[in-house]
Amino acid sequence: MIPNLPTPHLKFRTGSWRTARPVLQAGRCNNCLICWLFCPEGCIQREKGYITIDLDYCKGCGICAHECPRQALKLVEEVVPGGEEGETSA
Ligand code: SF4
Ligand code: SF4
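The numbering scheme is per chain: residues are counted from 1 as the chain's sequence reads. Whichever chain is written first becomes A and whichever ligand is written first becomes 1, with later ones labelled in order. With pLDDT at 70 or above as the cut-off, local features in this predicted model cover only qualifying residues; side-chain atom pairs require 80 or more to be listed or tallied, and sums for whole chains, interfaces and linings still use all residues. The basis for every side-chain value is the complete set of non-hydrogen atoms in the structure, without hydrogens or water.

A. Highlighting the pattern of salt bridges. Salt bridge, as applied in this entry: a Lys or Arg side-chain nitrogen positioned within 4 Å of an Asp or Glu carboxyl oxygen. In total, this model carries four salt bridges according to the counting rule given. As a salt-bridge pair, Arg 13 and Asp 56 come within 2.9 Å of each other at their nearest N and O atoms. Remark: Asp 56 occurs in the loop between β3 (50-53) and α2 (63-67) and Arg 13 occurs in the segment before β1 (20-24); sequence separation between them is 43 residues. For every residue, the accessible area (1.4 Å probe, protein chains only) is compared with the maximum for its type, and the residue is labelled buried under 20%, exposed over 50%, or partly exposed between those bounds. Judged by relative accessible area, Arg 13 falls into the exposed class, the value being 55%. Arg 21 is the partner of Glu 78 in a salt bridge, and the nearest nitrogen-oxygen pair spans 2.8 Å. Of this pair, Glu 78 sits in the segment after β4 (73-77) while Arg 21 sits in strand β1, and the two are 57 residues apart along the sequence. Residue classification places Glu 78 among the buried residues on the basis of a relative accessible area of 4%. Its relative accessible area of 27% is what places Arg 21 among the partly exposed residues. For the purposes of this entry, the term helix denotes a DSSP run of H or I that reaches at least four residues, the term strand denotes a run of E that reaches at least two, and both are numbered from the N terminus.

Quick look at the structure:
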């Protein structure tokens, strides 16, 4: 079992500058946890058998999506809460 331990990185919330966020396509994911290994922010966790991403700490770097062998993670443009689709927070 892999514990969901906070890392030192989790002291630093992302704020509003992220321009992209990863979205999981759960049907493609086989829970290999390669994304968990590569995420530099330690914000990927597994809850009840599913991958979750803590977007309070995700920086939108896209490493998880790049390393996922099943293309289960897709990087999409960030949207300002209450903003128009495609409107970024940057
Ligand atoms: S790397 Fe891809 S397939 Fe593996 S756990 Fe992460 S999202 Fe799922
Ligand atoms: S985009 Fe970067 S920070 Fe966010 S979950 Fe993926 S690897 Fe981690």
